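# Examination of the molecular architecture
If you want the building blocks of each chain, they are given just below.
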Amino acid sequence: MKITVLPGDGIGPEVTREAVIIMKDVASAFGIEIETEQHLIGGAAIREKGSPLPKDTIDSCLKSDAVLLGAVGSPEFDHLPPHERPEVGLLDLRKALGGFANLRPAKAVPALIDSSPLRPEIFAGTDLLIVRELLGGLYFGTPRGFDDGRSGGYNTMRYSVPEIERVARVAFESAQGRKQKVTSVDKANVLETSQIWRETVTRVAADYPSVELEHLFVDACAMHLVTSPTQFDVILTENLFGDILSDEAAVLTGSLGMLASATIGSAIGLYEPVHGSAPQIAGRNIANPLGTIASAAMLLRYSAKNETAAAVIENAIDKVLEEGYRTADIAPENYSQTVSTEEMGSLVAERAAGSVKRTTSHAV
Ligand code: IPM
Ligand code: MN
């Protein structure tokens, strides 16, 4: 497989380094040779090449089987208008790759139950999947811009029926392999786009009779996520709502650093952690690489179509956490098993290698 690696900004390079090592090791143990090519995106690309998505970057991505991305965003560009910022590199990349369904699983990790500010009896057992529409809504709708003299600004939220249908199918198909429930989240009491969303999702649901469908307003969903998160299986929602709700869902796992994502729906999958570039801790070897490592596992699941290899990485993450190792974001104060980004990566790599050895010796 050919994979383009885009470390990006802030902690991106540190966390992707660990993920790439583990992904290559595990893949090769399963007979998948991975060839990686690294390119610039975001602020790093603006600084070196004057563009957040340089031509060699997009060319390499379009020739790949999948793309693994760290993070984009840097405070030094905060003063720029949206179309000149690092983030536009990521949005243009998403558009060019064409994946429209962004899968963001959030699971309460038993070993991290004390790292969450929520009470264990509220969120223990949480296992949900956010299916976020990724190519529509306010992020891409036109017209957009500033009024004369920056006296105001505007964006457009627009969804067509086919755009809703295709992402809804991903949600229902995901639910079929899980707990058979889809919660479609909208703001149909106020927004026209949400009314179309609700009608369309209801229509698509008829093709999936085993899956239960419920509708929830986004404000209520935000509350339910922290008061009774175990009620959810698959949450299906539009782009901006999904962006916001997935950060909130991260609290359920212990840390935003834990959350992985996969963008599917086109030939080239895009895999990225949910967290941002965290510039305040960048370069200090303390960032949590697990979200990116788990994203690499999703790459092996959806792009390499190797469920066993993906599970090896995910189980290795669980094992390291059960053994008590923590990066600073999920460690209690003055904790004896606090490890660096690199140490966390090596631990997961070792545990994964150990379980690959066991798996293959069983096979023999
Ligand atoms: C995310 C991020 C991005 C988004 C930013 C960096 C453009 O917050 O992937 O959730 O808003 O989609
Ligand atoms: Mn976000």
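In this text, all values refer to a predicted model and were calculated from it rather than measured experimentally.

Take helix H11 (residues 307-322) next. With 16 residues, H11 ought to run about 22 Å at 1.5 Å a step, and its terminal C-alpha atoms sit 22 Å apart, in line with that. Buried within H11 we find Ala-309, Ala-310, Val-312, Ile-313, Ala-316, Ile-317, Val-320 and Leu-321. All buried residues of H11 project into a common sector of 165° when viewed along the axis, lining one side. For H11, the N-terminal capping position is held by Asn-306, with its side-chain oxygen 3.3 Å away from the main-chain nitrogen of Thr-308. Downstream of H11 by one or two residues, Gly-324 has phi in the positive range, about 105°.

With respect to topology, 10 strands assemble into an open sheet ordered S2-S1-S3-S12-S11-S4-S5-S10-S8-S9, the strand pairing being mixed. Strands at the two margins of the open sheet, each flanked by one partner only, are strand S2 (35-38) and strand S9 (212-217). Strand-to-strand twist of the sheet, defined as the mean angle between neighbouring strand axes without regard to direction, takes the value 25°. As paired elements, strand S11 (residues 262-264) and strand S12 (residues 269-271) share 2 bridges and run antiparallel to each other. Considered in S12, the bridge of Ala-262 is made with Tyr-271. Strands in contact with helix H10 (residues 290-302) are strand S1 (2-8), strand S3 (66-71), strand S4 (101-107), S11 and S12; relative to S3, the strand with the most contacts, it is inclined by about 170°.

With that out of the way, let us pick up the layout of surface pockets. If you add up the space inside the largest pocket, you get close to 920 Å³. At the level of elements, S3, helix H4 (87-97), strand S6 (145-146), strand S7 (153-154) and helix H9 (239-250) are the ones that each hand at least two residues to the lining of the largest pocket. Looking at the lining of the largest pocket, the element that brings in the most residues is H4, giving 6 residues. Residue composition of the lining of the largest pocket, by class: 18 nonpolar, 9 polar and 10 charged.

A few words now on empty space enclosed by the protein. Applying the stated criterion across every chain, the model contains 1 cavity of 30 Å³ or more. Along the walls of the largest cavity sit Met-157, Tyr-159, Asp-186, Thr-193, Ser-194, Trp-197, Glu-238 and Phe-241, which together make up its complete lining. The element contributing the most residues to the lining of the largest cavity is helix H7 (residues 192-205), with 3 residues. For the lining of the largest cavity, the residue count by class is 4 nonpolar, 2 polar and 2 charged.

The next thing to look at is the pairing of strand S5 (residues 127-133). Side-chain positions along a regular strand alternate between the two faces of the sheet. Of all 7 residues making up S5, 6 are buried, and the element is well covered by its neighbours. In the sheet, S4 pairs with S5 via 7 bridges, with the strands oriented antiparallel. If you follow Pro-105 over to S5, its bridge partner there is Leu-129. Relative to strand S10 (residues 234-237), S5 runs parallel, the two being bridged by 4 bridges. The residue of S10 that forms the bridge with Val-131 is Leu-236.

Right, let's get into the pattern of salt bridges. Applying the stated rule across the entire model yields 21 salt bridges. Across the pair Asp-233 and Arg-178 runs a salt bridge whose closest N-O atoms are separated by 2.8 Å. Remark: Arg-178 occurs in the loop between helix H6 (161-176) and strand S8 (181-186) and Asp-233 occurs in the loop between helix H8 (218-227) and S10; sequence separation between them is 55 residues. A relative accessible area of 1% places Asp-233 in the buried class. A salt bridge links Lys-181 to Glu-214; the shortest N-O distance between them is 3.8 Å. In this pair, Lys-181 sits in strand S8 while Glu-214 sits in strand S9, placing the two residues 33 residues apart along the sequence. Salt bridges sharing partners connect three or more residues here, namely Lys-319, Glu-323, Glu-350 and Arg-351.

Quick look at the site of ligand 1 now. Residues in close proximity to ligand 1 include Glu-87, Arg-94, Arg-104, Arg-132, Tyr-139 and Asp-243, which together make up its full environment. One of the side-chain nitrogen or oxygen atoms of Tyr-139 is found 2.6 Å away from an oxygen atom of ligand 1. Here an oxygen atom of ligand 1 and a side-chain polar atom of Asp-243 are 2.9 Å apart. Against a free-state accessible area of 320 Å², the protein chains account for coverage of 80% of ligand 1. When atom positions are compared with the pocket grids, ligand 1 is found to occupy the largest pocket. Across the shell around ligand 1, the residue classes tally to 1 nonpolar, no polar and 5 charged. The residues that make up the shell around ligand 1 include at least three from each of domain 1 (1-107 + 255-364) and domain 2 (117-252).

Definitions and limits used
Residues numbered from 1 in each chain as written. Chains lettered and ligands numbered in written order. Predicted model: local features only at pLDDT ≥ 70, side-chain atom pairs only at ≥ 80, totals over all residues. Heavy atoms only, no water. Helix = DSSP H or I, 4+ residues; strand = E, 2+ residues; numbered from the N terminus. Expected span 1.5 Å × (residues − 1). Buried < 20%, exposed > 50% of the residue type's maximum accessible area, 1.4 Å probe, protein only. Arc of directions from axis to C-beta. Polar contact = N/O pair within 3.5 Å; in protein donor to acceptor, adjacent residues only side chain to side chain. Pairing = 2+ DSSP bridges. Axes fitted to C-alpha atoms, helices over the stretch in contact; angles between N-to-C directions. Contact = heavy atoms within 4.5 Å. 1 Å grid on protein atoms, 1.4 Å probe; cavity = no way out; pocket = protein on both sides within 12 Å on 5 of 7 lines; lining within 4 Å. Points joined across faces, edges and corners; volume = space filled by probe spheres on them. Nonpolar A, V, L, I, M, F, W, Y, C, P; charged D, E, K, R; others polar. Salt bridge = Lys/Arg side-chain N within 4 Å of Asp/Glu carboxyl O. Near = heavy atom within 4 Å. Areas by Shrake-Rupley, 256 points an atom, 1.4 Å probe, with all protein chains shown as cover. Sits in = over half its atoms within 2 Å of the grid points. Domains from an automatic or database assignment.

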